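Letter by letter, the chains look like this.
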Amino acid sequence: MDIDKFIDLLKSRRSIRAYKPDSVPDEFIQLIIEAARWAPSGGNSQLWEFIVIKKKEIRDRIADLFVESTKPIRQAELTREKELRVPALEREVTEPGFKNAPVFILYAVILE
Ligand SMILES: Cc1cc2nc3c(=O)[nH]c(=O)nc-3n(C[C@H](O)[C@H](O)[C@H](O)COP(=O)(O)O)c2cc1C
């Protein structure tokens, strides 16, 4: 493998927070999960499940739950001295960037 190309690939990756409404072909979803499942895991346990969510009502509900989950974290952060606070945790989350993604892939850790 060309290491320079690999480093360029790492450097050119960016977080995406705005999405086109176009649906994502199942082949792409499969490819994304295939890439993710090559991640290393403790003892090679691979204790994960990937849950693909296309239905808008469920995506909206997840986004709402995410907003709810950030509230206690923010409250805790606001109890810290101002200069010690993490800006991303101090900020109120009203609409997560992923809300308008046309498909969600949830990663769940299996603890049996
Ligand atoms: C564990 C983890 C959690 C993250 N959570 C959020 C998040 O809640 N909201 C968000 O907009 N970005 C989130 N990010 C993305 C980071 O903000 C982003 O990776 C960082 O700003 C660098 O930008 P880049 O990914 O475009 O290089 C998260 C990244 C990681 C690794």
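Here the structure is shown first, and the text comes after it.
Summarised in this report is the structure supplied together with it.

Rules behind the numbers
Residues numbered from 1 in each chain as written. Predicted model: local features only at pLDDT ≥ 70, side-chain atom pairs only at ≥ 80, totals over all residues. Heavy atoms only, no water. Helix = DSSP H or I, 4+ residues; strand = E, 2+ residues; numbered from the N terminus. Rg over C-alpha atoms; globule rule 2.2 N^0.38 Å. Contact = heavy atoms within 4.5 Å. Areas by Shrake-Rupley, 256 points an atom, 1.4 Å probe, with all protein chains shown as cover. Near = heavy atom within 4 Å. Polar contact = N/O pair within 3.5 Å; in protein donor to acceptor, adjacent residues only side chain to side chain. Nonpolar A, V, L, I, M, F, W, Y, C, P; charged D, E, K, R; others polar. Buried < 20%, exposed > 50% of the residue type's maximum accessible area, 1.4 Å probe, protein only. Salt bridge = Lys/Arg side-chain N within 4 Å of Asp/Glu carboxyl O.

1. Regarding the overall build of the protein chain
Line of reasoning, step 1. Of the regular secondary structure elements, the protein chain holds 4 helices and 2 strands.
Line of reasoning, step 2. Secondary structure of the protein chain in N-to-C order comes out as α-α-β-α-α-β.
Line of reasoning, step 3. A globule of 112 residues ought to have a C-alpha radius of gyration of about 13 Å, yet the protein chain, at 18 Å, is considerably larger.
Line of reasoning, step 4. In terms of principal-axis extent, the alpha carbons of the protein chain reach across some 45 × 40 × 35 Å.
Line of reasoning, step 5. Sequence-distant contacts in the protein chain: of pairs separated by 6 or more residues, those separated by 24 or more amount to 70%.
Line of reasoning, step 6. Surface exposure of the protein chain reaches about 9400 Å², of which carbon and sulfur atoms provide 58%.

2. Regarding the site of the ligand
Line of reasoning, step 1. Residues in close proximity to the ligand include Arg 13, Arg 14, Ser 15 and Arg 17, which together make up its full environment.
Line of reasoning, step 2. Arg 13 is positioned such that a nitrogen or oxygen atom in its side chain is 2.9 Å from an oxygen atom of the ligand.
Line of reasoning, step 3. For the ligand, an oxygen atom lies 2.6 Å from a polar atom in the side chain of Ser 15.
Line of reasoning, step 4. Protein contact buries 30% of the 620 Å² of open area that the ligand shows by itself.
Line of reasoning, step 5. Considering only residue class, the shell around the ligand consists of no nonpolar, 1 polar and 3 charged.

3. A closer look at the environment of Gly 97
Line of reasoning, step 1. Position of Gly 97 among the secondary structure elements: in the loop between helix 4 (87-90) and strand 2 (104-109).
Line of reasoning, step 2. Residue Gly 97 is classed as partly exposed on the basis of its relative accessible area, which comes to 33%.
Line of reasoning, step 3. Separated by 28 residues in the primary sequence, Gly 97 and Ser 69 have C-alpha atoms spaced 15 Å apart.
Line of reasoning, step 4. In this structure Gly 97 touches Arg 17 and Tyr 19, once residues within four positions along its chain are discounted.

4. Topic: the pattern of salt bridges
Line of reasoning, step 1. According to the stated counting rule, one finds 7 salt bridges in the structure shown.
Line of reasoning, step 2. Note that Arg 37 is salt-bridged to Glu 34, the shortest N-O span being 2.9 Å.
Line of reasoning, step 3. As a salt-bridge pair, Lys 71 and Glu 68 come within 2.9 Å of each other at their nearest N and O atoms. Taken together, the positions of Lys 71 and Glu 68, both in helix 3 (residues 56-78) and 3 residues apart, correspond to about one turn of that helix.
Line of reasoning, step 4. Of the residues examined, Lys 71 reaches a relative accessible area of 40% and is grouped as partly exposed.
Line of reasoning, step 5. Shared partners join several salt bridges into a network, and the residues in it are Lys 82, Arg 85 and Glu 90.

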